[in-house]
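Now for the letters of each chain:
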Amino acid sequence: MSQISLPFEWPGQGTDDDFLVSDANHVALRHLENWREWPLAISVLSGPARSGRSMLGRRFAAMSGGMVIDDAQGQEDRLLFNAWNDAHTSAKPLLLIGDSAPTLWDVALPDLRSRLAAAPHVAIEQPDEPLARALIERALGRAGSRYGQDLPDWLLRRIERSYAAIAEVTRLLNEAALSSGRKISVAMAKESLQAAGFLPIVADDPHPSS
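For the structure given in this document, a descriptive report is provided here.

So, how was this worked out
Along each chain, residue indices are assigned from 1 in the same order as the chain's sequence is written. Per-residue local features of the predicted model are confined to residues with pLDDT of at least 70, and side-chain atom pairs are confined, for both listing and counting, to 80 or more; whole-chain, interface and lining totals are unaffected and use all residues. Computation of side-chain values: all heavy atoms of the structure, hydrogens and water removed. Every axis corresponds to a line fitted to the C-alpha atoms, with the helix fit spanning only the stretch in contact, and the corresponding angles, defined between N-to-C directions, vary from 0 to 180 degrees. Helix numbering and strand numbering both begin at the N terminus, where a helix is a DSSP run of H or I of at least 4 residues and a strand a DSSP run of E of at least 2. Here roughly perpendicular refers to angles of 65 to 115 degrees, roughly parallel to angles under 35, roughly antiparallel to angles over 145, and oblique to all remaining angles. By the definition used in this description, the sense in which the near helix is turned from the far one sets the handedness, with an anticlockwise turn below a right angle giving left-handed and a clockwise turn giving right-handed. Whether two residues are in contact is decided by their heavy atoms, any of which lying within 4.5 Å being enough. When residues are grouped by polarity, Ala, Val, Leu, Ile, Met, Phe, Trp, Tyr, Cys and Pro land in nonpolar, Asp, Glu, Lys and Arg in charged, and all others, Gly among them, in polar. Burial classes: relative accessible area under 20% of the type maximum marks a residue as buried, over 50% as exposed, and values in between as partly exposed (1.4 Å probe, protein chains only). Multiplying 1.5 Å by the helix residue count minus one yields the expected span of that helix. It is the directions from the helix axis to the C-beta atoms that the arc portrays. Among the buried residues, those of types Ala, Val, Leu, Ile, Met, Phe, Trp, Tyr and Cys that are joined through side-chain atoms within 4.5 Å form a nonpolar core. Should DSSP find at least two bridges between two strands, the strands are taken to pair.

Helix-helix packing is characterised by the crossing angle of the two axes and by the distance between the axes. Look at helix H5 (residues 129-142) against helix H7 (residues 163-180): their axes get within 9 Å of each other, and the N-to-C directions meet at 30°. The orientation of H5 with respect to H7, classified from their angle, is roughly parallel. Classified by chirality, the crossing of H7 by H5 is right-handed. Contacts between H5 and H7 involve Leu131, Ala132, Leu135, Ile136, Ala139 and Leu140 from the former and Tyr163, Ile166, Thr170, Leu173 and Asn174 from the latter. Tallied by class, the residues present in the contact of H5 with H7 amount to nine nonpolar, two polar and no charged.

The topology assignment puts Pro127 in the loop between strand S4 (121-123) and H5. By relative accessible area, which is 4% here, Pro127 ends up buried. For the pair Pro127 and Ser162, spaced 35 residues apart in the sequence, the C-alpha separation amounts to 6.2 Å. Among all residues touching Pro127, those that are not within four sequence positions of it are Ala24, Ala132, Leu135, Arg161, Ser162, Tyr163 and Ile166.

Glancing now at helix H3 (residues 77-90). In this model, H3 (14 residues) spans 20 Å end to end at C-alpha, consistent with the 20 Å of a helix rising 1.5 Å per residue. All of the buried residues along H3 are Asp77, Leu80, Phe81, Ala83, Trp84 and Ala87. Taken around the axis of H3, the buried residues stretch over an arc of 165°, which confines them to a single face. Downstream of H3 by a residue or two, Ala91 has a phi angle that is positive, lying close to 65°.

Here we take up the environment of Ser114. Among the secondary structure elements, Ser114 is positioned in helix H4 (residues 110-118). With 11 residues separating them in the primary sequence, Ser114 and Thr103 have C-alpha atoms 9.3 Å apart.

Below, the discussion takes up the nonpolar core. Within the largest apolar cluster, 41 residues are counted, with the highest numbers of intra-cluster contacts made by Leu45, Trp154, Leu155, Leu173 and Leu193. Tallying contributions element by element places H7 first for this core, with seven residues. Ignoring any residue separated from it by four or fewer positions in sequence, one finds Leu173 in contact with Leu140, Leu155, Ile184, Ala189, Ser192 and Leu193. Counting residues in each nonpolar core, the second largest holds 17 residues, with Ala41, Ala83, Trp84 and Trp105 among its members.

Right, let's talk about the sheet that holds strand S2 (residues 67-69) for a bit. Strand order in the open sheet formed by four strands is S2-S3-S1-S4, and the pairing between neighbours is parallel. A strand with exactly one partner marks an edge of an open sheet, and here the two such strands are S2 and S4. Averaged over all adjacent pairs, the angle separating strand axes in this sheet is 20°, with direction ignored. Across five bridges, the pairing between strand S1 (residues 42-46) and strand S3 (residues 94-98) is parallel. Residue Ile42 lies in a different strand from S3, and its bridge partner there is Leu94. On the sheet, helix H2 (residues 53-64) packs against S1, S2 and S3 and is oriented at approximately 170° with respect to S3.

Rendered as structure tokens:
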């Protein structure tokens with residue numbers, strides 16, 4: 001699937017960034033878009049940090065008029081149980097957002113545990129290669145940083161493919177570009193990331209830019 005901006009005219013988008021779509025997240029996004037077709041008034045969305053899960057929650061609330069509980073796995077059982085019952089009786093959708101599948105949450109209340117097990121669950125996965133590249137290019141471009149055409153692919157081969165790692169690495173590179181006034185080359189990126197501990201320092205590296 002090619003990278004595209006969020007293809008829905010969702011109201012109340014505020015200042016949220018465009019949401020990039022790939023195979024890593026399109027199932028979750030489509031599920032939220034089709035909230036009227038949910039078998040229950042409740043669904044669970046999980047995803048890693050910096051994956052855009054909270055952004056989707058805000059947009060979902062604006063679109064559906066429903067309730068969203070972020071970081072749901074850390075909330076009290078009674079709060080989630082009451083929110084579940086309210087959604088069921090009012091027929092207004094409830095979206096619970098967490099780090100992981102609800103079966104992995106620490107839930108002591110048996111009735112809540114059984115309800116969570118029955119709820120539809122969709123997950124945002126860690127970024128696939130097209131999404132990771134698009135996130136790198138967008139982060140560098142929005143900061144106004146100039147960078148070599150070979151930089152995104154070089155980074156993809158070396159950094160952890162996670163939303164959090166991409167966000168931190170591009171932040172470091174943008175800061176380095178701003179402070180030096182230089183274009184971000186592979187050599188500059190390697191130096192900056194080694195200094196920050198993101199890359200190992202290899203003595204006598206025969207391929208410093210590969």
